[in-house]
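# Report on the structure
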Amino acid sequence: TYCDMQWAGDQLDMFFDISRRGSSVSTELRAGLTSFLTLSYLLLVNPQVLAKAGLNAEDVVTSMCLSCGIPTLISGIFGNLPFVMAPGLGLSAYLTYGLVLKKIMTWQESMGCILIAGLIMGFLSVTDLVTKSMKYVPGHIKLATIIGIGLLLATIGFEAAGVIVDGQLSDTIATAAAWPTWAALAGLMVIAVLNFWDLPGAILIGVLSVSLVLWYGRNDWPTKFVEVPAIDDTWMKFSVSTLQPATAVPAVITFLLVSLFDCSGCLIGLSRKAGIIGHVDDPVPGGTWALVACSLGTVISACTGNSPII
């Protein structure tokens with residue numbers, strides 16, 4: 001009934017301090033759906049990248065859902081932060097192209113390095129060393145990290161849409177076969193215009209519009225909405241005993257430092273955008289929970305077959 005819905009909305013409002021932060025339950029629900037749709041491309045792209053390293057793509061999808069969903073719930077419930085945890089595509093590329101395909105180590109050994117990095121990050125987060133150390137990182141470095149992450153995501157998006165290929169403008173973008181690329185660019189313009197006019201749900205409208213156009217144009221409508229997940233080939237397949245210090249130490253350091261800077265950069269940038277903090281040097285309320293959630297997600301990734309979580 002309406003009274004029950006109103007009561008549930010009031011409980012959510014009080015638990016998450018939604019009104020105090022200048023938001024509403026409907027806005028938060030819309031933002032959550034938008035975040036999910038925006039990040040859904042990872043469910044397609046990340047398994048394809050890791051599959052080149054030998055991982056089962058379907059298992060990676062299940063792993064992603066577990067390693068993203070659990071830390072997101074922890075960060076939201078205990079840290080009261082409206083942020084989604086997701087695997088870092090840059091680290092997925094490093095794992096595949098920088099470690100496995102170069103024969104430096106197997107993907108099982110890479111998962112062992114991710115496990116070690118996740119445990120170290122968890123220790124640093126629980127002891128608050130990450131938060132304390134970030135106080136000594138200059139503000140312009142923090143801003144540069146945020147901008148770098150944004151440029152990386154933009155590059156990945158343009159490559160996925162077919163705008164650029166191997167770092168250059170696609171040669172076929174002016175052909176009729178490139179209509180999906182133009183549909184993606186049109187969707188980007190729709191989002192930009194709607195954001196300019198401060199229309200609620202601008203990103204959601206843009207994503208859904210482009211999806212409908214692509215499904216109709218390709219005659220490739222979704223046929224399956226629910227499926228029992230599988231994770232047989234990657235479950236607990238990490239290997240630590242076979243690691244060689246000469247190759248494992250650089251890999252662990254890379255996974256750890258990139259994860260720390262990505263997590264901290266995203267946490268600071270999103271908190272500033274959401275109005276939770278006013279300056280990049282301000283402490284983020286509940287930030288420790290977000291970092292702990294990221295480290296837990298990274299450990300889950302190592303156990304189930306996925307790249308580190310940021």
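Look above for the structure.
These notes cover the structure that comes with them. What you see is a predicted model; the values in this text were computed from it and never measured.

What follows deals with the overall build of the protein chain. Scanning the protein chain from N- to C-terminus turns up 12 helices and 2 strands. Secondary structure elements of the protein chain, listed N to C terminal, follow the sequence α-α-α-α-α-α-α-α-β-β-α-α-α-α. Its C-alpha radius of gyration of 20 Å places the protein chain within 12% of the 19 Å reference for a compact globule of 310 residues. Across its three principal axes, the protein chain shows a C-alpha extent of roughly 60 × 50 × 45 Å. A total of about 17,300 Å² of accessible surface is found on the protein chain, and carbon and sulfur atoms cover 69% of it. In the protein chain, 14 positive and 20 negative side-chain charges are present, and the distance between their average locations comes to 6 Å.

Taken as a whole and judged by the stated rule, the model has 4 aromatic pairs. Between F78 and W289, the ring centres sit 4.9 Å apart and the planes meet at 25 degrees, which makes this aromatic pair stacked. Remark: W289 occurs in helix α12 (residues 287-304) and F78 occurs in helix α4 (residues 57-79); sequence separation between them is 211 residues.

Tallied over the entire structure, the rule returns 0 disulfides. There is no disulfide at C68, and the cysteine sulfur nearest it, in C65, is 7.4 Å away. Since its relative accessible area comes to 12%, C68 is described here as buried.

Further remarks concern the nonpolar core. One broad trend across soluble globular proteins is that nonpolar side chains are buried collectively. Core analysis: the largest hydrophobic core is formed by 53 residues, its most contacted members being L55, L81, L95, C113, M121, F255 and L267. Looking at this core, the elements with two or more residues in it are α3 (42-51), α4, α5 (89-100), α6 (107-126), α7 (129-134), α11 (245-273) and α12. By residue number, the principal contributor to this core is α11, which donates 9 residues. Setting aside residues up to four positions removed in sequence, L267 forms contacts with L81, F83, V284, G287, A290 and L291.

Attention now goes to unusual backbone geometry. We note that N80 has phi near 55 degrees; this positive angle belongs to a residue other than glycine. Mapping N80 onto the fold places it in the loop between α4 and α5. Assessed through its relative accessible area of 16%, N80 is described here as buried.

A cluster of nonpolar side chains, contributed by F15, L73, I77, F78 and W289, occupies part of the molecular surface with about 540 Å² of accessible area. By residue number, the principal contributor to the nonpolar patch is α4, which donates 3 residues.

This next bit is on the side chain of N306. Positionally, N306 belongs in the segment after α12. Only 3.1 Å separates the side chain of N306 from the side chain of S67, close enough to count as a polar contact. Discounting chain neighbours no more than four positions away, the residues touching N306 are N46, L50, V60, S63, M64, S67, P87, M111, I114 and S301.

Procedures and definitions
- The residue numbering used here restarts from 1 in each chain and proceeds along that chain's sequence as written.
- Only residues with pLDDT of at least 70 are given local features in this predicted model, and only at 80 or more are side-chain atom pairs given and counted; all residues enter the totals for whole chains, interfaces and linings.
- Side-chain measures were taken over the full set of non-hydrogen atoms in the model, leaving aside hydrogen atoms and water.
- Going along the chain from the N terminus, every DSSP run of H or I of four or more residues is numbered as a helix, and every run of E of two or more is numbered as a strand.
- In this treatment the radius of gyration is a C-alpha quantity, and the globule benchmark scales as 2.2 Å times the residue count to the 0.38 power.
- Method for areas: the Shrake-Rupley scheme with a 1.4 Å probe, in which residue coverage is limited to the protein chains shown.
- Charged residues are defined here as Lys and Arg on the positive side and Asp and Glu on the negative side; His and the ends of the chain fall outside this count.
- Taken as the charge location is NZ of Lys, CZ of Arg, CG of Asp or CD of Glu.
- Two aromatic rings, drawn from Phe, Tyr or Trp (for Trp, its six-membered ring), form a pair once their centres lie within 6.5 Å of each other, and the interplanar angle then sorts them: stacked below 30 degrees, edge-to-face above 60, tilted otherwise.
- For this text, the term disulfide refers to a pair of cysteine sulfurs within 2.5 Å.
- The classification of residues rests on relative accessible area computed with a 1.4 Å probe and restricted to protein chains. Under 20% of the type maximum is buried, over 50% is exposed, and intermediate values are partly exposed.
- What makes a nonpolar core is a set of buried Ala, Val, Leu, Ile, Met, Phe, Trp, Tyr and Cys residues whose side-chain atoms join them at distances within 4.5 Å.
- Whether two residues are in contact is decided by their heavy atoms, any of which lying within 4.5 Å being enough.
- A residue counts toward a patch only above 30% relative accessible area and without a salt bridge, and it is joined to like-charged neighbours within 9 Å or, for Val, Leu, Ile, Met, Phe, Trp and Tyr, to nonpolar neighbours within 5 Å.
- What counts as a salt bridge is simple: a side-chain nitrogen of Lys or Arg found within 4 Å of a carboxyl oxygen of Asp or Glu.
- For the purposes of these results, a polar contact is taken to be a pair of N or O atoms within 3.5 Å, where, inside protein, one atom must be able to donate a hydrogen and its partner to accept one; residues adjacent in sequence count only when each atom of the pair is a side-chain atom.

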